[in-house]
Amino acid sequence: MVNGTHFLNRRELLGVLVLAALILVVLPLTLDGFRLNLVGKYLTYAFVALGLVLCWGNAGILSLGQGIFFGLGGYCMAMYLKLQASTPEATKIQSTPGIPDFMDWNQITALPWFWEPFNNLAFTLLAIILVPSLFAFIIGAAMFKRRVGGVYFAIITQAIAAILTILIVGQQGYTGGINGITDLRTLQGWDIRTDAAKTILYFVCALLLIGALLLAQLVRRSKLGRLLVAMRDKEDRVRFSGYDVANFKIFVFCFAAALAAVGGAMFTLQVGFMSPSFVGIVPSIEMVIFAAVGGRLSLFGAIYGTLLVNFAKTSLSESFPELWLLGLGGLFIAVVMAFPNGLAGLYASYVEPAFLNLIAAVKTRIARVASPIPDGARGAPAE
Amino acid sequence: MIAPNTDFLLAVSGLTVSFDGFKAVDDLSFYVDENEIRVIIGPNGAGKTTVLDLICGRTKATAGTIQFKGRELTELKEHQIVQSGVGRKFQNPSIYDDLTVFENLEISFPRGRSVWGALAFKRDAEVTDRVQAVAETIFLRDLLGERAEFLSHGQKQWLEIGMLLIQDPELLMLDEPVAGMSVPERRKTAELLNTIIQGRSVIVIEHDMKFVEDIAHKVTVLHQGKVLAEGSMDTVKADPRVVEVYLGH
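Residues numbered from 1 in each chain as written. Chains lettered and ligands numbered in written order. Predicted model: local features only at pLDDT ≥ 70, side-chain atom pairs only at ≥ 80, totals over all residues.

Trainee: Explain the overall build of chain A to me, please; I cannot follow it from the model alone.
Mentor: Assigned secondary structure in chain A consists of 16 helices and 2 strands. By the compact-globule yardstick of 21 Å for 383 residues, chain A fits well, its C-alpha radius of gyration being 23 Å. Looking at chain A as a whole, 41% of its 383 residues are labelled buried. Look at the contacts in chain A between residues 6 or more apart in sequence, and 78% of them connect residues 24 or more apart. (Helix = DSSP H or I, 4+ residues; strand = E, 2+ residues; numbered from the N terminus. Rg over C-alpha atoms; globule rule 2.2 N^0.38 Å. Buried ≥ 20, exposed ≤ 12 C-beta atoms within 10 Å, placed from the backbone. Contact = placed C-beta atoms within 7 Å.)

This is the structure:
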């Protein structure tokens, strides 16, 4: 009843175990390498969806620019991997050996200063988290301290996503332009293109996702999590209870950004490139749709929603490439209009009660069969 | 600049706010003592709620000063004003529908108000005891696990009063605490207010004159953003100007 502070209740623990069994055991055993790599790619989007559950579902802050942070995380990883692939030996046919190939094509003759630190893996791993978080902090501080919210915030995040895409495309010599950063080969000398490496990276990604889920759950279960819900409902009441509301919004926005960035970095590792097509408006909105379909109030829902929409996308866009985007838009409208809590909401209101009834019925049946004593003497099992 | 007035808990002087040239509050001055219950009455549009908004920082003053325990409130942000000891109840019950009664009260508990503090906040015995004690006072002891949206209107009002109580403010501001309540609920609320005003100052806006007579130490009558009359209930009631603009209707 009132003691809701346990980190995971029994049902949620079961949910984590089922999810872990699915992505760590069932999928790797049943899918071939190619398909498993695809699932790994989908799971990287699930990081973004998890962040959106906290940011949008719990705190009511709709960001249509999560691609920014997914992309920044991915680009940080890609810069490191690209430098690894650009040794003087590997690039000796270039006019300036030792720099990434696209720089050479754009008449750049020395490695730009902001690329230098990405020679270092430890720096890169830190940057994957810190660069997007810092960027989110700047956006968040600028918006939330001025009490910009709601639709205005959503539009501004979308505009920033568009600006960043244009910037990346325009600065071809520094960013690889529209093609992105491609031809990534090794991580500290370990070839990431082999099937074995892809399988390992899939497991790393799946484990990180479960870690991210638990971390997000930890935040939701803290008082901060309840404050986010309270702010969504009555922002003024929270403010006049002695809280600086803007700081809490900045925190959750940065948290969601950091999760998205980890997803982006895992994307680069598993797919082997990063390009502006994962930064802009369309991917950002797609990520919101994943969370909406799964259920914006449920961490599990967000992950399953991401997987399902992406499976559908892969199979349908192969057969009907033009119709897919329309279908996706229709799906989004349908979810928002008809099931605002997504699949998780449908599960909670229909599937779970039916399931519990079934269990209760089976239990009574077993109790009846096991003991000849009539029901009344023992009482039916609880639940 | 006037030297900080430390004789009063709250000293409002020369307070003015204008919205596009319309002066909702016009050169208003009043003083509230420690442990005083001040009721502000006046016709609609007199600027009563605006005065509370100004004190708690929701509206920025155009001119004037608000000294609370010698601190200038007009320079502070809303949450800083709350942290310095001012609590505010809104006119419509302002509670968190999606949270339980317990969680509503717990959020108002004055600890862990920073981001990291809220992350590290532990629901220990101190918090639980205080929440239960307050819930007892506001007649919601048996509803702690209930989602707040399922409470009745009167219970929601009590819950918000409880949320303020748990903050333990030195100055409590209540905007029409009995509006929309049934007669038995009003009686219970008057009783409740009489217990919670112990050891703090209270500013109440209210239209229910019976209720005002029951609780007020001193009454301030506002009219068109200015003080029309001030004093004990009997003095104010006898003032012909007050009768004309407010009580006569």
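Trainee: Mind showing me how you'd approach the sheet that holds strand β1 (residues 10-19) of chain B here?
Mentor: All names here are of chain B. The strand order across the open sheet formed by 4 strands is β2-β1-β4-β5, and the pairing between neighbours is antiparallel. At either end of the open sheet lies a strand with only one pairing partner, and these are β2 (22-32) and β5 (71-72). Looking at chain direction, strand β4 (residues 63-68) and β5 are connected through 2 bridges and run antiparallel. For Gln 67, the partnering residue across the bridge sits in β5 and is Glu 72. Most of the contacts of helix α1 (residues 48-55) go to β2, to which it runs at about 70 degrees, and overall it touches β1, β2 and β4. (Pairing = 2+ DSSP bridges. Axes fitted to C-alpha atoms, helices over the stretch in contact; angles between N-to-C directions.)

Trainee: Is there a simple way to explain the confidence of the model for chain B in this structure?
Mentor: Should the pLDDT be low somewhere, the predicted coordinates at that spot are not to be read in detail. Overall, the prediction assigns chain B a mean pLDDT of 90, with 97% of residues at 70 or greater. Here the complex is predicted with pTM 0.91, and the ipTM for its interfaces comes to 0.90. (pLDDT = per-residue confidence, 0-100.)

Trainee: I tried to follow unusual backbone geometry on my own but got confused; where do I start?
Mentor: Generally, phi is negative for residues other than glycine and the peptide bonds are trans, each holding for most cases. The backbone of Gln107(A) sits at a positive phi, close to 60 degrees, despite the residue not being glycine. For Gln107(A), the position within the fold is in the loop between α4 (101-105) and α5 (121-144). A positive phi angle is found at Phe139(B), which is not glycine, with a value near 65 degrees. Note on placement: Phe139(B) falls in the loop between α5 (125-137) and α6 (153-167).

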